[in-house]
2 protein chains.
Amino acid sequence: MNAHNKPKVAIGQAGGPTSVVNASLVGFLEEARDHFRVFGIVNALQGLVEDWLVEVDDQVYGKIREYFRIPGSVLGSGRRHMAPGDFAAAVDHLRKRDIHHLVLIGGNGTMYACRQMELAAQAAGYDLTVIGIPKTVDNDLLETDHTPGYGSAARYVAASVRDIGEDLKAMQNFETVRIIETMGRNVGWLAASSLLLKEAEHHPPHFVYVPERPLVLDRFLGDVERAVSRFGYAMVVISEGVRDLSGQVLSRIALNRDANSTVLGGASKYLANQVARHLNLPVRAELLGMNQRCFAAMASAADRMEAELLGREAVRLLRRGESGVMLTLVRDEASGAAGLPFRVGSCPLERVAGKERPLPDDVLNEDGTQASAAFKAWLRQLAGDDLKAYPGWSFMPGRVGGRGGVRRI
Amino acid sequence: MNAHNKPKVAIGQAGGPTSVVNASLVGFLEEARDHFRVFGIVNALQGLVEDWLVEVDDQVYGKIREYFRIPGSVLGSGRRHMAPGDFAAAVDHLRKRDIHHLVLIGGNGTMYACRQMELAAQAAGYDLTVIGIPKTVDNDLLETDHTPGYGSAARYVAASVRDIGEDLKAMQNFETVRIIETMGRNVGWLAASSLLLKEAEHHPPHFVYVPERPLVLDRFLGDVERAVSRFGYAMVVISEGVRDLSGQVLSRIALNRDANSTVLGGASKYLANQVARHLNLPVRAELLGMNQRCFAAMASAADRMEAELLGREAVRLLRRGESGVMLTLVRDEASGAAGLPFRVGSCPLERVAGKERPLPDDVLNEDGTQASAAFKAWLRQLAGDDLKAYPGWSFMPGRVGGRGGVRRI
């Protein structure tokens with residue numbers, strides 16, 4: 001087939017990058033280039049609206065392939081608020097180029113944009129197939145067992161909380177409380193992943209607060225005090241989006257206190273202030289930050305493999321003529337019967353577009369000190385089962401000739 | 001030799017932990033236990049003053065060995081301000097236990113404490129040999145080519161800045177400037193390590209500010225603007241201890257602004273505010289945080305090996321009857337002739353106690369955009385030579401039918 005007779009497809013990477021979103025792009029390209037002329041959309045929605053495309057010829061493909069194991073979104077991502085008329089304009093651009101296939105890799109906002117592109121094309125009488133490839137560190141997409149990007153981020157969070165906890169254990173005569181803030185504006189999946197390597201009560205984190213459960217300050221302070229009295233120090237993990245009983249996001253409360261400053265922000269800083277004020281304990285707030293979604297050394301091999309697989313599967317859907325769907329990872333009887341951890345499926349875009357998948361209530365126990373065995377076994381498949389808990393020995397209570405020796409605290 | 005006829009030695013881990021300080025302890029114990037009865041000092045200086053020791057019998061040794069590859073300080077560390085009389089009290093405790101050998105693993109503050117212990121013992125007429133094993137992520141000890149702990153921290157910093165830069169490159173239509181803050185209250189060694197993986201001007205970081213050079217705000221803002229105009233975004237790295245022309249530490253300026261709040265702090269936040277106010281660019285400040293000194297997955301194998309080696313060498317010094325010295329890593333003609341990257345040496349405690357080793361002026365070029373080739377070759381030996389720069393491709397300026405294709409920016 002002459003290259004210029006091939007149907008054309010445009011692909012973009014939308015929203016915040018992950019450690020493995022380039023693997024989805026490379027997987028897609030590897031499968032697509034035999035069958036399609038492929039155009040990369042620069043900066044995703046912005047590129048769609050501004051008609052900013054790059055043809056993925058052999059030279060460009062060679063460059064993109066270098067990014068298979070590299071974080072970020074090599075086509076450019078960013079965010080863009082879509083104004084009325086933007087989707088119609090984007091359809092017009094595609095029409096001028098005779099591009100009838102569109103693939104966007106992204107989260108629930110991107111799936112909403114996919115659905116809007118589908119509707120805008122219908123309204124314009126333009127034949128456009130639209131496929132979504134899921135991607136998010138937040139793991140907040142419905143209909144899929146999990147989302148590529150989450151496993152690597154969870155791996156970074158679990159290792160960080162284990163290691164920062166070991167550091168705090170050593171420093172407990174100087175610094176007593178650390179409040180670690182993970183990503184997760186509305187859902188607690190990443191905060192919960194910090195419990196992956198907790199095997200005993202004294203292992204960090206001592207407790208976890210997620211946006212799905214209100215954070216009552218008195219109870220929070222009581223949890224800190226109890227951990228300090230039991231273990232000598234308190235390692236706490238919170239999602240950035242934790243809320244109080246009225247649903248107010250704590251980081252917004254912190255911001256309002258010094259509304260003229262952009263320096264503030266971070267629920268962990270707000271809570272650290274409360275610990276210092278009410279418990280008079282030495283406390284540090286720490287955001288795990290951007291490394292959660294981009295630290296290459298902690299990318300999960302399973303996560304990357306799944307991201308690549310979904311990229312390839314998108315091409316198969318296109319070739320079957322499917323449209324208006326997002327690819328999913330499905331764990332069901334069929335996958336079980338085949339001996340697979342999951343199989344690839346799909347679901348209509350409107351079932352995921354703009355919706356969120358909260359952390360199920362049974363993942364954390366009532367006091368947020370443990371995650372269920374089922375959750376941890378599931379997460380180990382995504383994040384890697386090579387990470388281990390530390391022994392948790394402490395010499396602090398042992399004195400020569402005193403209480404003697406060493407014990408686990 | 002009956003265990004109870006062996007001379008006794010006490011060892012402690014002082015100051016902030018590193019990813020490899022437990023390797024020094026394990027190396028010491030492995031070598032020492034045939035020749036000495038060993039006592040672990042819990043919480044270092046605090047344990048010395050409060051007579052808080054644990055005998056390292058077979059059971060305790062078995063537990064400590066589990067920590068060879070684990071961050072933190074398994075004996076407990078923390079910090080303690082030593083009051084007048086504390087050193088004399090510590091000598092008294094050692095005398096009662098008939099412990100005539102003391103080894104502390106630590107930084108320049110710890111070497112000062114070692115020296116004070118030596119003087120207090122002399123004043124009390126007590127025979128005490130004192131050896132210091134260097135340890136610090138800051139690399140600010142004099143007399144040694146480098147300090148165990150730094151290589152692993154530098155590795156984390158270099159990888160983080162590379163990865164967070166790649167993430168920002170993808171997000172540049174949404175977020176334009178990131179200011180990354182490393183450890184380093186007085187010295188720029190860790191901030192400079194962020195240049196390890198920079199091979200081209202467009203690679204992150206675009207420039208670095210260290211405490212050894214005054215940060216003039218106008219120039220800083222000019223540097224940000226120039227990077228944004230050249231590369232589309234600006235990745236900046238600063239040491240936490242950067243100062244203005246008058247020597248004022250920027251994070252203190254930030255703190256003074258809201259003196260009633262413990263929430264603030266961080267020179268990066270202060271500078272991000274300035275970028276937002278004066279340049280009106282979307283900016284984020286990010287502290288690399290505790291993971292710099294404890295993220296186990298990024299511990300450098302060379303760093304761990306050196307830490308262990310110095311632990312073993314401390315035993316050899318003790319057995320030769322040396323005292324009042326800190327072990328060093330020496331790169332000189334003798335090491336060169338032997339084909340070694342360095343040899344082990346020692347220096348009198350007073351040459352390092354309480355002193356700091358600034359980053360030499362020739363490591364960074366005048367505008368802080370590059371580190372010297374010699375520095376990078378040296379650092380690669382400490383941090384590992386497996387980390388690579390990313391290609392740095394950007395599709396942003398390329399449009400189909402426009403300026404065409406892809407180029408490096």
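A.B. asks: I'm lost on the overall build of chain A in this one. Help?
C.D. replies: A tally of regular secondary structure across chain A gives 14 helices and 13 strands. Taken over the C-alpha trace, chain A has a radius of gyration of 24 Å; the compact-globule value for 409 residues is 22 Å, and the two agree within 12%. If one aligns the C-alpha atoms of chain A with their principal axes, the spans along those axes are about 85 × 50 × 40 Å. In chain A, buried positions account for 66% of the 409 residues. Within chain A, counting contacts between residues at least 6 apart in sequence, those at least 24 apart form 75% of the total.

A.B. asks: Sorry if this is basic, but what is going on with the relation of the copies chain B and chain A here?
C.D. replies: Superposing the two chain copies requires a rotation about an axis and a translation along that axis. Turning chain B through 180° and shifting it by 0.0 Å along the axis lays it on chain A, with an RMSD of 0.0 Å. Such values leave the two copies arranged in the relation of a two-fold axis. Both copies contact each other with a shared surface, as 100% of the interface residues of chain B are interface residues in chain A too.

A.B. asks: Just checking my understanding: could you explain the sheet that holds strand S8 (residues 234–239) of chain A for this structure?
C.D. replies: Note on sheets: strands pair through backbone hydrogen bonds, and any given pair is parallel or antiparallel. Residue and element names in this part refer to chain A. Ordered in space as S7-S8-S6-S9, the 4 strands form an open sheet in which the pairing is parallel. Of all strands in the sheet, those bounded by a partner on one side alone are strand S7 (207–209) and strand S9 (283–287). Between one strand axis and the next, the sheet turns by 20° as a mean value, whatever way the strands run. Pairing analysis gives 6 bridges linking strand S6 (residues 177–182) to S8, with the strands arranged parallel. Counted as the bridge partner of Thr182 is Ser239 from S8. On the sheet, helix H10 (residues 267–279) packs against S6, S8 and S9 and is oriented at approximately 175° with respect to S9.

A.B. asks: Explanation requested: the packing of aromatic side chains in the structure shown.
C.D. replies: How two aromatic rings sit relative to each other is set out by the distance from centre to centre and by the angle between their planes. Counted by the stated rule, this structure contains 21 aromatic pairs over all chains. Their ring planes at 80° and their centres at 6.2 Å tell us that Tyr150 of chain A and Trp189 of chain A sit as a pair that is edge-to-face. Of this pair, Tyr150 of chain A sits in helix H6 (residues 150–171) while Trp189 of chain A sits in helix H7 (residues 189–193), placing them 39 residues apart in sequence. With a relative accessible area of 0%, Tyr150 of chain A lands in the buried category. Between Phe375 of chain B and Trp378 of chain B, the aromatic rings sit 5.7 Å apart at their centres with planes inclined by 35°, giving tilted as the arrangement.

A.B. asks: What is the right way to read the domain arrangement of chain A from this model?
C.D. replies: One frequent convention defines the size of an interface as the accessible area lost when the parts assemble. All names here are of chain A. Along its sequence, chain A is carved into domain 1 (3–136 + 297–351) and domain 2 (158–296 + 359–392). With centres defined by C-alpha atoms, the gap from domain 1 to domain 2 works out at 34 Å. Facing the 16 residues of domain 1 at the interface are 11 residues of domain 2. Counting each side, the surface lost to burial between domain 1 and domain 2 is near 1000 Å², with a carbon and sulfur contribution of 49%. Among the residues of domain 1 in contact with domain 2, Ala297, Met298 and Arg331 are the three that bury the most area, contributing 41% of the side total. Applying the counting criterion to the domain 1 and domain 2 interface returns 0 salt bridges.

A.B. asks: Looking at this model, I keep getting lost on empty space enclosed by the protein. Mind explaining?
C.D. replies: Regions of empty space are outlined by a rolling probe, equal in size to a water molecule, passed over the atoms. Taken as a whole and assessed by the stated rule, the structure comprises 6 cavities of 30 Å³ or more. Size it by volume and the largest cavity reaches roughly 130 Å³. Lining the largest cavity are 16 residues; nearest its centre among them are Glu166, His202, His203, Pro204 and Gly392 of chain B. In the lining of the largest cavity, the residues fall into 7 nonpolar, 5 polar and 4 charged. The space that makes up the second largest cavity amounts to roughly 80 Å³. Contributing to the lining of the second largest cavity are Arg162, Gly165, Glu166, Lys169, Leu197, His202, His203, Pro204, Tyr233, Ala389, Tyr390 and Gly392 of chain A. In terms of residue class, the lining of the second largest cavity is built from 5 nonpolar, 4 polar and 3 charged.

Rules and cut-offs
- Residues numbered from 1 in each chain as written.
- Chains lettered and ligands numbered in written order.
- Predicted model: local features only at pLDDT ≥ 70, side-chain atom pairs only at ≥ 80, totals over all residues.
- Heavy atoms only, no water.
- Helix = DSSP H or I, 4+ residues; strand = E, 2+ residues; numbered from the N terminus.
- Rg over C-alpha atoms; globule rule 2.2 N^0.38 Å.
- Buried < 20%, exposed > 50% of the residue type's maximum accessible area, 1.4 Å probe, protein only.
- Contact = heavy atoms within 4.5 Å.
- Least-squares fit on C-alpha atoms with pLDDT ≥ 70 in both.
- Pairing = 2+ DSSP bridges.
- Axes fitted to C-alpha atoms, helices over the stretch in contact; angles between N-to-C directions.
- Phe/Tyr/Trp six-rings, centres within 6.5 Å; stacked < 30°, edge-to-face > 60°.
- Domains from an automatic or database assignment.
- Buried area = accessible area lost by both parts, 1.4 Å probe.
- Salt bridge = Lys/Arg side-chain N within 4 Å of Asp/Glu carboxyl O.
- 1 Å grid on protein atoms, 1.4 Å probe; cavity = no way out; pocket = protein on both sides within 12 Å on 5 of 7 lines; lining within 4 Å.
- Points joined across faces, edges and corners; volume = space filled by probe spheres on them.
- Nonpolar A, V, L, I, M, F, W, Y, C, P; charged D, E, K, R; others polar.

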